[in-house]
Structures are given as C-alpha cells and as structure tokens.
Amino acid sequence: MGAQNIYDDPEFLAGYVTLDRQVRGLDGAAEWPELRDMVGDVGGRRVVDLGCGFGWFSRWAAAQHAASVLGFDVSAKMLERAVADSPATVEYQRVDLDELELDVTSCDVVFSSLALHYVRDLGRLLGTIAGAVAPGGSLVFSVEHPIYSAPTTQQFDTSERGDRIWPLDNYLVEGERVTSWFVDGVVKQHRTVATYVNAVIDAGFSIDRLVEFGATAAEAAADPARVDDRHRPWFLLLRATRAGA
C-alpha cells in the first residue's frame, strides 16, 4: 500500500493553501535560504523534484536555467495548479513516491521538500534515487525533524513548575504517526535521525551537510510568540553526493 493522498482532500487543501509558504512560495519558507545553498547551482543540470506540490521549487529550478525539470506528486489537485503556473519546459507526473521508478543516471539533482516523511519504504525510494542520480550528482531533502514527529501528541505542554516543554516520547518507536493537521487522520512516518542518515549512506551517497532547522535565538527574542520554537527543531535538512564522481 502506498502513501496517503491527503492533499486531494478538499477540507485539508482549503487549510493548506493558507500557509505562508503556499501563499508566498519559497519566500514564505523559512528554511529555503539554507536549502537553496545546499542545492547550489542547477544551471545546465537535470533536476527532479519529489513531492513537488504546487511546483514552487520546480519553477525556481527552471528559472535558474536547469537543463530539464521533472516534478512528481501524488496529488492531482496540486499538480493541476503546478502545470497551470509553470512554463511548458517543466514536466510533471502524478506518481506515488512509494511506487516511483526513474531511469538510470537520468538526473543530476534530486530535491524533496517535506515529502519523504510520508513515504512508507524509504530504503526503496533512496535506492531508486541512487540509481537515477549520475555520479557526482546530489540529493537534497527536508523532512519534519524526528524530535517533532516522534511524540504521540505533537503539541507543547506545561510542566508542574510552569515551564513550557515539548513532550518527547516514543522517539525510538518508528512507524506511523496519525495526527490532526487541518483535518483528522493525517498519516506520516516517524524515523530517527540515525535512520535517515544511514538510509542515505546505505543507498550509496556521501553526506555533505546536515542541518537541524528551527527558530534562531534572535528570531525568538524579536517575537515572543516564537519562544516555544527554541525547544525543538522544525525540520531536518540533508545534502548528499552520489559516489563515483
């Protein structure tokens, strides 16, 4: 069985499109500057965007003169908008990432933003990616940070002393997490940091950079509403290079 396609649920999508990162695109994603540095220059390179959504990154890559851009997503509604908003040079295909097939050495850069934590069989997908990325090519992705995804109840609590805490539990218990996000019953996959790292290495990549992304001290000081965000990272960002360059 493949991943859940929650993004075609009308109620979910109605909430999702209000997110700043969907209203403003990449400029509304706080982690984008870090990811952009990880991706580097895509000019003249063959780019694949996994879980492309509305196509924000795919359009950016095309504007940076990528040789080709191919975006994959399971959501028909998101792809409909991506196609409408993108130049004809960007190709999109509707595919469940748990069933993705890619031609051998068919791309140079594989990018994925906040999609791999929906994939059930990460090892299979990374193996497919490794076979598709040309030697010296790169994989750059972000996922919900495992400290964020682990708790049974993913929300802040207050200790007996009155301190705000992120109630981390079940960190080593990997597998499904069913959460409420715009609608009830959203299914994601929790994995430890070590599982993500080792899965990338086992697929034949060398890890170049790992970032635990969250609010900075300066951001929290400037906005008291962000103080809680210093208790746990939001995202895990990773860049890796395919061996054989």
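If you're wondering where the values come from, they're calculated on a predicted model, not measured in any experiment. (Residues numbered from 1 in each chain as written. Predicted model: local features only at pLDDT ≥ 70, side-chain atom pairs only at ≥ 80, totals over all residues. Heavy atoms only, no water.)

**Student:** If you had to explain helix α4 (residues 56-63) to someone new, which residues and values would you point to?
**Tutor:** Those residues of α4 not exposed but buried are Phe57, Ser58, Arg59, Trp60 and Ala61. Against the buried residues of α4 lie α3 (32-39), β1 (46-50), β2 (68-73), α5 (76-85), β3 (90-94) and β4 (107-113). After α4 finishes, the residue His65 shows a positive phi value of roughly 70 degrees. (Buried < 20%, exposed > 50% of the residue type's maximum accessible area, 1.4 Å probe, protein only. Helix = DSSP H or I, 4+ residues; strand = E, 2+ residues; numbered from the N terminus. Contact = heavy atoms within 4.5 Å.)

**Student:** Outline the UniProt feature "domain: Methyltransferase type" (unreviewed entry) in the chain, listing residues and values.
**Tutor:** As recorded in UniProt, the sites labelled "domain: Methyltransferase type" (unreviewed entry) are residues 48-141. Secondary structure over residues 48-141 splits into 31% helix and 32% strand, and the C-alpha atoms at its two ends are 12 Å apart. (UniProt positions renumbered as here; feature names shortened; annotations may be inferred.)

**Student:** Any details on the pairing of strand β11 (residues 235-242)? Residues and values, ideally.
**Tutor:** Side-chain positions along a regular strand alternate between the two faces of the sheet. Among the 8 residues that make up β11, 6 are buried, leaving the element largely enclosed by the rest of the structure. The pairing of strand β10 (residues 205-213) with β11 spans 8 bridges and is antiparallel. Note that in β11 the partner of Phe213 across the bridge is Phe235. (Pairing = 2+ DSSP bridges.)

**Student:** Any details on α3? Residues and values, ideally.
**Tutor:** Along α3, the residues classified as buried are Trp32, Leu35, Met38 and Val39. Projection of α3 onto a plane perpendicular to its axis shows the buried side chains occupying an angular sector of 120 degrees, all on one side. Buried residues in α3 make contact with α4, β4, β5 (133-144), β10 and β11. (Arc of directions from axis to C-beta.)

**Student:** So what about the pairing of β5? Which residues, and what values?
**Tutor:** With 10 of 12 residues buried, β5 lies mostly within the body of the structure. Two elements, β4 and β5, share 6 bridges in a ladder whose sense is parallel. Within the sheet, the bridge partner assigned to Ser113 lies in β5 and is Ser142. This β-α-β element, β4 to helix α6 (residues 122-132) to β5, shows right-handed connectivity. In this sheet, β11 lies alongside β5 in antiparallel orientation, the contact comprising 7 bridges. (Right-handed = clockwise from strand over helix to strand, strands pointing away.)

**Student:** Quick one: what's the story with the nonpolar core, residue by residue and with numbers?
**Tutor:** In terms of nonpolar packing, the biggest core is built from 33 residues, with Phe72, Leu97, Ile129 and Phe205 touching the most fellow members. Contributing elements (two or more residues each) for this core: β1, β2, β4, α6, β5, α8 (193-202) and β11. The element contributing the most residues to this core is α6, with 6 residues. If near-sequence neighbours (up to four positions away) are discounted, Ile129 is found in contact with Leu50, Val110, Leu139 and Phe205. The next biggest cluster of nonpolar side chains, apart from the first, holds 28 residues, and it includes Leu35, Ala61, Val90 and Val140. (Core = buried A, V, L, I, M, F, W, Y, C linked by side-chain atoms within 4.5 Å.)

**Student:** Describe in detail the pattern of salt bridges, supporting the description with residues and values.
**Tutor:** Overall, the coordinates contain 15 salt bridges when judged by the stated rule. Arg209 is the partner of Glu34 in a salt bridge, and the nearest nitrogen-oxygen pair spans 3.3 Å. One end of the pair, Glu34, is in helix α3; the other, Arg209, is in strand β10, and 175 residues separate them in sequence. Taking the relative accessible area as the measure of exposure, Arg209 reaches 44% and is therefore partly exposed. A salt bridge links Glu219 to Arg226; the shortest N-O distance between them is 3.5 Å. Connected via shared salt-bridge partners are Glu219, Arg226, Asp229 and Arg232. (Salt bridge = Lys/Arg side-chain N within 4 Å of Asp/Glu carboxyl O.)

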